[in-house]
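# Structural overview for review
Read off the chains here:
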Amino acid sequence: MDTARAVEAVFRIESARIIAGVTRIVRDVGIAEEIAQDALVAALEQWPRSGVPDRPGAWLMATAKHRAIDLVRRKETYARKLAEVGRTLEDEPPPAEPAEADDIDDDLLRLVFTACHPVLATEARIALTLRLIGGLTTQEIARAFLAPESTVAQRIVRAKRTLAKAAVPFEVPYGADREARLSSVLEVIYLVFNEGYSATSGDDLVRPALCEDALRLARVLAALMPEEGEVHGLAALLEFQASRIATRTGPDGEPVLLADQNRARWNRLLIARGARAMSRAGSGPYALQAAIAGCHAAAVRYEDTDWTAIATLYARLVQLTPSPVVELNRAVAVSMAEGPAAALPLVDALAREPALSSYHLLPSVRGDLLERLGRPREARAEFERAASLTRNERERTLLLRRAARL
């Protein structure tokens, strides 16, 4: 059982790279995902007998690539046999990639842009890339989307079929095509980072590998598109957020609230990187979120946080990208700047939002406000409701502990 868990853990971390590497060979993300799953099955069969390899990720990658090459060879052999009997098999070779100065050799980024092709609807692009790049389950993606699991599953299946039918090339696009896909790519990277920063389910609050992949992709994009302000805005946001990852959990993995984090342990290098990226950011949604994160990074103590500025930034963000989740975050900032009584009506109004009906942070925030207003019985009920909605074990434990304290 321990070996099986080790296999699954390694695959979770390495699956995106494996799928990207195999896609370069077979030029079909659906087939690449199947081959990656075959490599996982092979590991589950062999590692219990032979032991976990010294470089398990490399073992999985090599196994998957060997199978991909075998598949390509079988197809080529079949094509030759058809030609020998006077028939042809139409199979266009992959298009040559332009050797331009800003070309980058990064299979993960190629996979992101491929999955974000305009032939797919926006929701399908994001869902597919979260599946391929983030290694998220359908259930986790549904939670990130606040959408039914069956809907997300159908999006992913249809997206892979559409990409295969359209023969979408495995490449980082150039010119206008790149610009057209950029917003979806940024949103994908943002959602992948968020899933790593605060996992929607499982035993761990934080999944650093997802954060690292998202941060690396954001940095690559920033280097690739130096004139795009929102790319730098996203990079700044992720740098600031990543600076706090080590302090978000305690020694046993339990969540540590922002007010209780040891700010001396925040990564000053990442904060400095975030500030540099912020200097090149524009005034779009990611730049505004980066400015909010920058306010937290600038506060030496929790008590020094400029909550008025944060509330103002959230108000601007709501105007740019109206969202009940952003409204909830604004309410939290208002509660810190003006007091819980000013924020409670804002939160109560959000209770009627269908998208937040199963969002655990809504009752969690309301419970916090009620506790601060001296209404412990109501606060306890909200924390218990929030605990019943979350699928992350660490968050559930924290919420039940807060309820029990009341």
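Note that the structure is predicted; figures quoted are calculated from it, not measured.

Our focus in this paragraph is the overall build of the protein. Helix and strand counts for the protein stand at 18 helices and two strands. Looking at the 406 residues of the protein, the share that counts as buried comes to 48%. Put simply, 66% of the contacts in the protein that link residues at least 6 apart link residues at least 24 apart. Put simply, the protein shows about 19,700 Å² of open surface, and 52% of that area lies on carbon and sulfur atoms.

Two numbers describe how helix α14 (residues 324-338) lies on helix α15 (residues 340-350): the axes approach to 7 Å, and their chain directions differ by 165°. Classified by the angle between their axes, α14 and α15 sit roughly antiparallel to one another. When the axes of α14 and α15 are compared, the crossing they make is left-handed. From α14, Pro324, Glu327, Leu328, Arg330, Ala331, Val334, Ser335 and Glu338 reach across to α15, where they touch Pro340, Ala342, Ala343, Leu346, Val347 and Leu350.

The residue arginine 244 is located in the loop between α10 (229-242) and α11 (268-278) in this model. The buried charged residue arginine 244 lacks any salt bridge partner; its closest oppositely charged side chain belongs to glutamate 239, at an N-O distance of 12 Å. Polar contacts involving the side chain of arginine 244 include one to the side chain of tyrosine 197, which spans 3.3 Å. Beyond its immediate chain neighbours, meaning those up to four positions away, arginine 244 contacts Tyr197, Leu258, Gln261, Trp266, Ala293 and His296.

Turning to its location among the elements, aspartate 213 is positioned in helix α9 (residues 208-224). Residues aspartate 213 and glycine 196 lie 17 residues apart in sequence; the distance between their C-alpha atoms is 9.4 Å. Setting aside residues up to four positions removed in sequence, aspartate 213 forms contacts with Arg17 and Leu108.

So, on to the packing of helix α16 (residues 361-372) against helix α17 (residues 376-389). Two measures define how a pair of helices packs: the angle their axes make with one another and the distance between the axes. Two elements in contact, α16 and α17, have axes whose closest approach is 8 Å; the angle formed by their N-to-C orientations is 160°. With respect to α17, the element α16 is oriented roughly antiparallel. The crossing of α16 and α17 is left-handed. In this structure, α16 uses Pro363, Ser364, Arg366, Gly367, Asp368, Leu370 and Glu371 to contact α17, whose residues at the interface are Glu378, Ala379, Glu382, Phe383, Arg385, Ala386 and Leu389. The residue makeup of the contact of α16 with α17, split by class, is six nonpolar, two polar and six charged.

The tally for this structure, following the rule as stated, stands at 18 salt bridges. As a salt-bridge pair, glutamate 33 and lysine 160 come within 2.6 Å of each other at their nearest N and O atoms. Of the two residues, glutamate 33 sits in helix α2 (residues 29-50) while lysine 160 sits in helix α7 (residues 149-166), which places them 127 residues apart along the sequence. Under the relative-accessibility criterion, glutamate 33 is labelled buried at 8%. Judged by relative accessible area, which is 21%, lysine 160 ranks as partly exposed. A single network of salt bridges, built from pairs that share partners, joins Asp368, Glu371, Arg372, Arg402 and Arg405.

So, on to the confidence of the model for the protein. Looking at the protein, the pLDDT average stands at 86 and 90% of residues meet or exceed 70. Confidence over residues 85-105 falls short of pLDDT 50; this stretch has 24 contacts with residues more than four positions distant or in other chains.

Moving on, we get to α9. The first and last C-alpha atoms of α9 sit 24 Å apart over 17 residues, in line with the 24 Å expected at 1.5 Å per residue. Among the residues of α9, Leu210, Cys211, Asp213, Ala214, Leu215, Leu217, Ala218, Val220, Leu221, Ala222 and Leu224 are the ones counted as buried. Of the surrounding elements, those touching the buried residues of α9 are α1 (2-26), α4 (107-115), α8 (176-197) and α10.

Moving on to the nonpolar core. Counting 87 residues, the largest nonpolar core has Ile189, Leu221 and Leu238 as the members making the most contacts within it. Look past the residues within four positions of isoleucine 189 in its chain and what remains in contact with it is Ala214, Leu217, Ala218, Leu221, Leu234 and Leu238. Counting residues in each nonpolar core, the second largest holds 31 residues, with Val347, Leu362, Val365 and Leu370 among its members.

Turning next to the packing of aromatic side chains. Between two aromatic rings, the relevant description is the distance of the centres plus the angle of the planes. One pass over the structure, following the stated rule, counts four aromatic pairs. On the basis of an interplanar angle of 70° and a centroid distance of 5.3 Å, the ring pair of tryptophan 47 and tryptophan 59 is categorised as edge-to-face. One end of the pair, tryptophan 47, is in helix α2; the other, tryptophan 59, is in helix α3 (residues 56-84), with twelve residues separating them in the sequence. The interplanar angle of 20° and the centroid separation of 5.8 Å between the aromatic rings of phenylalanine 193 and tyrosine 197 together place this pair among those described as stacked. Note that phenylalanine 193 and tyrosine 197 are positioned in helix α8 at a spacing of four residues, about one turn of the helix. Take phenylalanine 193: its relative accessible area is 1%, and that puts it in the buried class.

Attention now goes to the environment of leucine 136. Looking at where leucine 136 falls in the secondary structure, it is placed in the loop between α5 (122-132) and α6 (138-145). Among residues more than four places away in sequence, those in contact with leucine 136 are Leu130, Arg131, Ile141, Glu195, Arg207 and Leu210.

Reading the values: rules and limits
Residues numbered from 1 in each chain as written. Predicted model: local features only at pLDDT ≥ 70, side-chain atom pairs only at ≥ 80, totals over all residues. Heavy atoms only, no water. Helix = DSSP H or I, 4+ residues; strand = E, 2+ residues; numbered from the N terminus. Buried < 20%, exposed > 50% of the residue type's maximum accessible area, 1.4 Å probe, protein only. Contact = heavy atoms within 4.5 Å. Areas by Shrake-Rupley, 256 points an atom, 1.4 Å probe, with all protein chains shown as cover. Axes fitted to C-alpha atoms, helices over the stretch in contact; angles between N-to-C directions. Parallel < 35°, antiparallel > 145°, perpendicular 65-115°, else oblique. Left-handed = near helix turned anticlockwise from the far one by under 90°. Lys, Arg positive; Asp, Glu negative; His and termini not counted. Salt bridge = Lys/Arg side-chain N within 4 Å of Asp/Glu carboxyl O. Polar contact = N/O pair within 3.5 Å; in protein donor to acceptor, adjacent residues only side chain to side chain. Nonpolar A, V, L, I, M, F, W, Y, C, P; charged D, E, K, R; others polar. pLDDT = per-residue confidence, 0-100. Expected span 1.5 Å × (residues − 1). Core = buried A, V, L, I, M, F, W, Y, C linked by side-chain atoms within 4.5 Å. Phe/Tyr/Trp six-rings, centres within 6.5 Å; stacked < 30°, edge-to-face > 60°.

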